[in-house]
Amino acid sequence: MANILDGLTLSKEIRAQLKERVDVLRARGIVPRLDVLVAATDPASLSYVRMKRKWAETAGMEGESWEINDQTTQAELIDKIGELNANPLVHGILLQHPLPKHLDENAALMALGADKDVDGITPQSLGRLVADLEGFRCATPAGAIKLLERYEIPLVGKRAVVIGRSVIVGKPMALMLLQKHCTVTIAHSRTQNLADLCREADVLVAAVGKAELVKGDWIKPGAVVIDAGYNKVEGRKGDVGDVEFETAKEVASWITPVPGGVGPMTVATLLSNAVDAAERI
Ligand code: NAP
């Protein structure tokens, strides 16, 4: 039976430390502020943003939410980002994915200043990751790495397979594992013999967006499993991961649950990055 990589408990510890760091900043007259641009038309995004905002407020941070709707033009979006970039009271800017379809998300990310990109997803931040330079790291993979570090999971020389090659999860996760000296393979929708490939992994990361795609018999006995997925499944309460937890936990040595694994670590990492940004002032 696998041990649990408990993201909820670690995220609570990180948030308690954040509160202390925010108190120190406030005593210096600096109130860490994370502003969010979010599609008002996307209920899931609005609910994620509400949760992020609640956690931020608990830590003593401030922030505004700027809702983007079907009438928002590309020029208005870029202007708003420029305004937030220039506002010295704003330390972090989160562009909640996805934006309404008529808007060019890449152009918006290009406009976002790297020093405020606390979600670590602009081309500049990603370039810094590739180049092993200091910068904000993508919150979801960086949160997963923090979890592996906390549980002292050995990574050097291990064979890692990351399923998913998105810019916000799969690719940066693969790069971060590479920095930890894993030998990394990235799988995607065109990968052949995915189950066999997964069975070679000492560390298996699922960032797919397909509920319970990864079954227990895809997992090498004793492997460490990170499930970044959260999926809505009709007839089931709450979020469902990309890994079939019930069968996977019988084979893995360590596993992240959904919920309570990567999700809370993502939010804690985002807020931690925003406080880092405020501390740099
Ligand atoms: P995404 O942009 O849709 O990317 C999904 C990736 O999975 C793509 O690279 C795709 O391959 C690959 N894929 C799809 N079906 C596959 C299959 N049958 N076999 C192998 N690969 C397949 O998703 P994402 O934004 O990376 O998110 C991935 C998951 O993480 C989702 O469940 C999402 O909800 C979750 N997520 C969680 C957090 C968090 O805070 N915990 C944050 C962000 C995302 P192609 O590239 O070939 O299309």
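The residue numbers shown here count from 1 along each chain, following its written sequence. At least 70 in pLDDT is required for a residue's local features to be given in this predicted model, at least 80 for side-chain atom pairs to be given and counted, and no such filter applies to totals for whole chains, interfaces and linings, which use all residues. With hydrogens and water excluded, all non-hydrogen atoms of the structure serve as input to the side-chain values.

Participant: Would you mind showing me how to read the overall build of the chain here?
Facilitator: In this description a helix means any DSSP run of H or I spanning at least four residues, a strand means any run of E spanning at least two, and both kinds are numbered starting from the N terminus. Secondary structure summary: the chain contains 10 helices and 11 strands in total. For 281 residues, the compact-globule estimate of 2.2 N^0.38 gives 19 Å, and the chain sits close to it at 19 Å. Only protein chains enter the accessibility calculation, which uses a 1.4 Å probe; a residue is then buried when its area is under 20% of its type maximum, exposed when over 50%, and partly exposed in between. When burial is assessed residue by residue, the chain has 50% of its 281 residues classed as buried. We call two residues in contact when some of their heavy atoms are within 4.5 Å. Contacts in the chain between residues far apart in sequence, at least 24 positions, make up 71% of those at least 6 positions apart. Surface summary for the chain: the accessible area is close to 13,200 Å², and the carbon and sulfur share equals 53%. This radius of gyration counts C-alpha atoms alone. The globule rule is 2.2 Å times how many residues there are, raised to the power 0.38. In short, Shrake-Rupley with a 1.4 Å probe defines the accessible areas, and a residue's cover is counted only from the protein chains shown.

Participant: I keep staring at the site of the ligand and nothing clicks. Help me out?
Facilitator: When at least one non-hydrogen atom of a residue lies within 4 Å of a molecule or strand, that residue is treated as near it. In the vicinity of the ligand, 22 residues are found, and the nearest of them are Arg165, Ser166, Ser189, Ala228 and Thr266. We call two N or O atoms a polar contact when they sit within 3.5 Å, provided that within protein one can donate a hydrogen and the other can accept it, with sequence-adjacent residues counted only if both atoms are side-chain atoms. At 2.5 Å from an oxygen atom of the ligand is found a side-chain nitrogen or oxygen belonging to serine 189. The protein chains hide 74% of the 920 Å² of surface that the ligand would expose on its own. Looking at the shell around the ligand, the element that brings in the most residues is helix H10 (residues 262-279), giving three residues.

Participant: Explanation requested: the pairing of strand S8 (residues 224-227) in the structure shown.
Facilitator: Taken residue by residue, a regular strand's side chains alternate between the two faces of the sheet. The side-chain alternation of S8 yields two buried faces, one formed by Val224 and Ile226 and the other by Val225 and Asp227. Two strands are said to pair when DSSP picks up at least two bridges between them. Alignment of strand S7 (residues 203-206) against S8, held across four bridges, turns out to be parallel. For leucine 204, the partnering residue across the bridge sits in S8 and is valine 225. Summarising the sheet, S8 and strand S11 (residues 254-255) pair through two bridges and their orientation is parallel. Bridging across to S11, valine 224 finds its partner in tryptophan 254.

Participant: What is the right way to look at helix H7 (residues 170-179) in this model?
Facilitator: Those residues of H7 that sit buried are Gly170, Pro172, Met173, Ala174, Met176 and Leu177. Lining the buried residues of H7 we find helix H5 (123-130), helix H6 (139-150), strand S5 (159-163), strand S6 (183-187) and S7. Positioned one or two residues after H7, histidine 181 has a phi angle of 70°, which is positive.

Participant: Is there a simple way to think about the side chain of asparagine 231 in this case?
Facilitator: With respect to the secondary-structure elements, asparagine 231 resides in strand S9 (residues 231-232). Side-chain polar atoms of asparagine 231 contact the side chain of aspartate 242, separated by 2.9 Å. The contacts of asparagine 231, once residues within four sequence positions are left out, are Gly209, Lys210, Ala211, Gly238, Asp239, Val240, Gly241 and Asp242.

Participant: When you look at the side chain of threonine 269 in this model, what are you seeing that I'm missing?
Facilitator: Relative to the helices and strands, threonine 269 resides in helix H10. A polar atom in the side chain of threonine 269 sits 3.4 Å from the side chain of lysine 146. Once residues within four sequence positions are removed from consideration, threonine 269 is found in contact with Ala139, Ala142, Gly143 and Lys146.

Participant: Teacher, can you tell me more about the sheet that holds strand S3 (residues 65-68) here?
Facilitator: Backbone-to-backbone hydrogen bonds pair the strands of a sheet. The strands run either parallel or antiparallel. Taken in spatial order, the three strands make up an open sheet running S3-S2-S4, and their pairing is parallel. Unpaired on one side and paired on the other, S3 and strand S4 (92-95) mark the two borders of the sheet. Strand-to-strand twist in this sheet, taken as the mean axis angle between neighbours without regard to direction, amounts to 15°. Summarising the sheet, strand S2 (residues 34-39) and S3 pair through four bridges and their orientation is parallel. When the bridges of S3 are listed, leucine 37 appears paired with tryptophan 66. Lines fitted to C-alpha atoms define the axes here, with helix axes fitted over just the stretch in contact, and angles between the N-to-C directions of these axes take values from 0 to 180 degrees. This element, helix H2 (residues 43-58), spans S2, S3 and S4 of the sheet and lies at about 165° to S2.

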